[in-house]
Amino acid sequence: MATRTPISRSIAAHAVLITYTLIALFPVFVIVINSFKSRRAIFNDPLAVPTAETFDLVGYATVLKQGDFFQYFLNSMTVTVASLFFVLLFGAMAAFALSEYRFKGNLLMGLYLALGIMIPIRLGTVAILQLMVASGLVNTLTALVLVYTAQGLPLAVFILSEFMRQVSDDLKNAGRIDGLSEYRIFFTLVLPLVRPAMATVAVFTMIPIWNDLWFPLILAPAEETKTITLGSQVFIGQFVTNWNAVLAALSLAIVPVMVLYLIFSRQLIRGITAGAVK
Amino acid sequence: MGALTLTNITKQFGTVDVIKGVDLTVEPGEFCVFVGPSGCGKSTLLRIIAGLEDATGGEIAIEGRRVNEVAPAKREIAMVFQSYALYPHLTVRDNMGLALKQAGQDKATIAGATDRAAGMLALGALLDRRPAELSGGQRQRVAIGRAIVRTPKLFLFDEPLSNLDAALRVQTRIEIARLHRELGATMIYVTHDQVEAMTLADRIVVLRAGRVEQTGAPMELYNNPANTFVAGFIGSPQMNFLKSGALGLASDSLGIRPEHLALSRDAGAIPGTVSHVEKLGGETLVYVRTDVHGLLTVRLFGEHDYTVDEAVHLTPDQARAFHFGADGLRLR
């Protein structure tokens with residue numbers, strides 16, 4: 001039997017983890033508590049939790065009244081989910097091709113696809129804008145989905161191809177002998193086995209997209225295509241900032257992405273490869 | 001016309017020659033075992049027959065029809081893998097029936113074939129379970145059942161017993177032998193274990209470094225090996241190789257099986273000391289260190305008491321010995 005970890009070490013490890021968790025959650029905590037306070041209370045004592053006296057929903061009221069926040073949410077959600085879908089679909093297919101088939105230039109193609117990890121897509125902003133203007137996609141959600149799909153693909157291909165190399169060759173070959181098409185092998189045999197990796201990629205892809213301000217500002221600043229991060233900016237002025245509204249908008253913006261994260265993290269944990277081989 | 005004919009098959013991975021020209025004909029109903037050390041190309045050869053790898057050169061024919069360009073699913077073969085390779089999302093019944101479903105058979109035919117195969121392998125109670133709910137031995141039986149359901153022209157086994165424990169391996173080995181008798185099908189079986197090869201095969205193909213060293217019935221290889229490699233590979237414990245010069249013989253080396261070396265405390269041709277003794281009950285293996293020939297194995301039947309470092313003498317039974325030349329080939 002393995003020796004048990006001494007209790008002191010276990011306490012130390014937990015202390016470190018708990019400290020880190022507190023540090024990481026502190027800004028979020030401050031945003032959420034202050035979003036429920038009156039403007040005066042925010043500035044008087046920013047770290048206090050709302051009391052009966054200081055409790056005020058004026059921020060949320062402003063957010064819901066001013067601007068079309070529901071539309072902004074919908075836009076953010078549409079862009080994030082659509083980009084995620086395309087990143088996972090094309091990323092997984094490219095990864096399968098790279099890991100499964102031997103062809104000339106396989107290694108070069110893999111390197112080329114992974115190169116995007118190191119080059120920030122924002123360097124190409126001007127060219128992207130020109131491209132979108134030329135193709136008439138400015139102020140459409142399609143423009144954002146295209147850009148985010150391109151942005152997410154390199155990492156997705158890189159991570160997924162590593163995982164797909166680990167899927168048993170025997171299983172794929174059994175499928176081929178039984179007459180399954182390559183598409184069915186990919187969708188019914190390989191994809192379910194790399195679900196934890198897909199969830200990892202989904203989380204890594206989703207958060208920068210949801211939080212992005214740059215591309216919505218440049219490619220789709222129109223009222224009907226604004227995303228939630230861009231929409232929140234109306235409350236930040238050069239001279240006056242409506243802190244109640246900003247904090248309320250940010251608090252609300254956390255919710256959908258958290259729901260998505262919870263969905264994917266269940267997949268991260270679930271071990272589903274048991275029984276396939278060995 | 002054989003069930004399978006290989007004509008000058010070659011395979012290269014990049015610049016590496018893995019298969020260097022294999023010719024082979026497997027007769028209908030034959031149980032043919034490919035055996036050899038790891039890396040000898042036996043699994044690659046099986047994958048070429050299955051169509052999972054393309055041969056670089058040569059022709060593969062199943063029942064006289066050239067199949068080089070035919071997809072694996074259309075070759076009318078079935079394969080059993082070392083890692084079972086069951087579909088994790090399907091029940092045992094669907095795992096076994098998938099190939100027929102893909103081939104467009106109707107439900108009644110599939111159910112009939114599945115039930116018949118399940119009956120042969122005593123899988124009836126497991127049909128609605130998923131692979132994750134089965135033990136290793138059960139999974140391999142399902143994988144064999146999946147092969148039977150297709151009634152293929154050729155059964156291919158790729159080291160199917162390697163993941164099973166010793167007791168289950170013997171049991172499954174007997175089951176495969178029984179299935180071969182009942183189905184009368186042509187089977188090709190790849191293994192690195194010469195015991196499996198000896199017990200199952202009608203004919204053994206010994207491979208080394210992409211070449212066929214010798215083919216023949218198990219006892220033919222055992223009693224009549226063509227070279228030192230086959231002599232050393234077939235038979236357990238391994239054959240001893242003595243230096244012929246030291247014994248006053250003309251050949252380069254003298255091959256003698258452990259059971260054909262006489263062990264004596266008093267007198268004999270080769271002096272040595274006992275280095276290790278293994279008592280197995282029915283037989284006793286004595287490892288003897290000699291100055292000229294190195295470590296030799298002696299197999300004695302029954303129980304014998306020898307102690308380590310004891311001085312002993314060995315005498316080879318010249319009538320049962322094999323003579324080999326400097327190139328490793330048998331001198332006849």
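All of these numbers come straight from a predicted model, not from anything done at the bench. (Residues numbered from 1 in each chain as written. Chains lettered and ligands numbered in written order. Predicted model: local features only at pLDDT ≥ 70, side-chain atom pairs only at ≥ 80, totals over all residues.)

Chemist: So what exactly am I meant to see when it comes to the overall build of chain A here?
Modeler: The number of helices and strands found in chain A is 13 helices and zero strands. Helices and strands appear in chain A in the N-to-C order α-α-α-α-α-α-α-α-α-α-α-α-α. The C-alpha radius of gyration computed for chain A amounts to 23 Å, which surpasses the reference 19 Å derived for 278 residues by more than 25%, pointing to a less compact arrangement than a globule. In terms of overall dimensions, chain A has C-alpha extents of about 70 × 65 × 30 Å along its principal axes. (Helix = DSSP H or I, 4+ residues; strand = E, 2+ residues; numbered from the N terminus. Rg over C-alpha atoms; globule rule 2.2 N^0.38 Å.)

Chemist: When you look at the domain arrangement of chain B in this model, what are you seeing that I'm missing?
Modeler: By a frequent convention, interface size equals the accessible area lost on bringing the separate parts together. Residues and elements named next belong to chain B. When the domains of chain B are assigned, the result is domain 1 (4–231) and domain 2 (237–331). Look at where the C-alpha atoms of domain 1 and domain 2 centre, and you get two points 37 Å apart. The partner domain 2 presents nine residues to the six residues of domain 1 that form the contact. Partitioning the side of domain 1 that touches domain 2 into residue classes produces four nonpolar, two polar and no charged. (Domains from an automatic or database assignment. Contact = placed C-beta atoms within 7 Å. Nonpolar A, V, L, I, M, F, W, Y, C, P; charged D, E, K, R; others polar.)

Chemist: Looking at this model, I keep getting lost on the pairing of strand β4 (residues 57–62) of chain B. Mind explaining?
Modeler: In summary, the side chains of a regular strand alternate between the two faces of the sheet. All names here are of chain B. In this structure, strand β1 (residues 4–13) lies alongside β4, joined through five bridges in antiparallel fashion. Each bridged residue has a counterpart across the sheet, and for T5 the counterpart in β4 is A61. Sheet topology places β4 next to strand β5 (residues 65–66); two bridges connect them, and they run antiparallel. When the sheet's bridge partners are listed, I62 is paired in β5 with R65. Hairpin connection between β4 and β5: a loop of two residues separates the two successive antiparallel strands, and E63 in this loop has a positive phi of roughly 50°. (Pairing = 2+ DSSP bridges.)

Chemist: Any chance you could explain the interface of chain B and chain A here in plain terms?
Modeler: The interface is formed by 23 residues belonging to chain B together with 18 residues belonging to chain A. For the side of chain B that touches chain A, the secondary structure elements donating two or more residues are β6 (77–80) and α2 (92–102) of chain B. Each residue belonging to the side of chain B that touches chain A can be placed in one class, and the counts come to 17 nonpolar, five polar and one charged.

Chemist: I keep staring at the sheet that holds β6 of chain B and nothing clicks. Help me out?
Modeler: Note on sheets: strands pair through backbone hydrogen bonds, and any given pair is parallel or antiparallel. Residue and element names in this part refer to chain B. If you trace the six strands from one edge of the open sheet to the other, you get β6-β7-β8-β3-β9-β10, paired in mixed fashion. Edge positions in the sheet fall to β6 and β10 (211–216), since each has one partner strand and no second. Ignoring which end each strand starts from, the neighbouring axes of this sheet average 20° apart. Two elements, strand β3 (residues 31–35) and strand β8 (residues 186–191), share five bridges in a ladder whose sense is parallel. When the bridges of β8 are listed, V33 appears paired with Y189. Together, β6 and β7 (154–158) form the strand contacts of helix α4 (residues 136–149), whose direction differs from that of β6 by roughly 175°. (Axes fitted to C-alpha atoms, helices over the stretch in contact; angles between N-to-C directions.)

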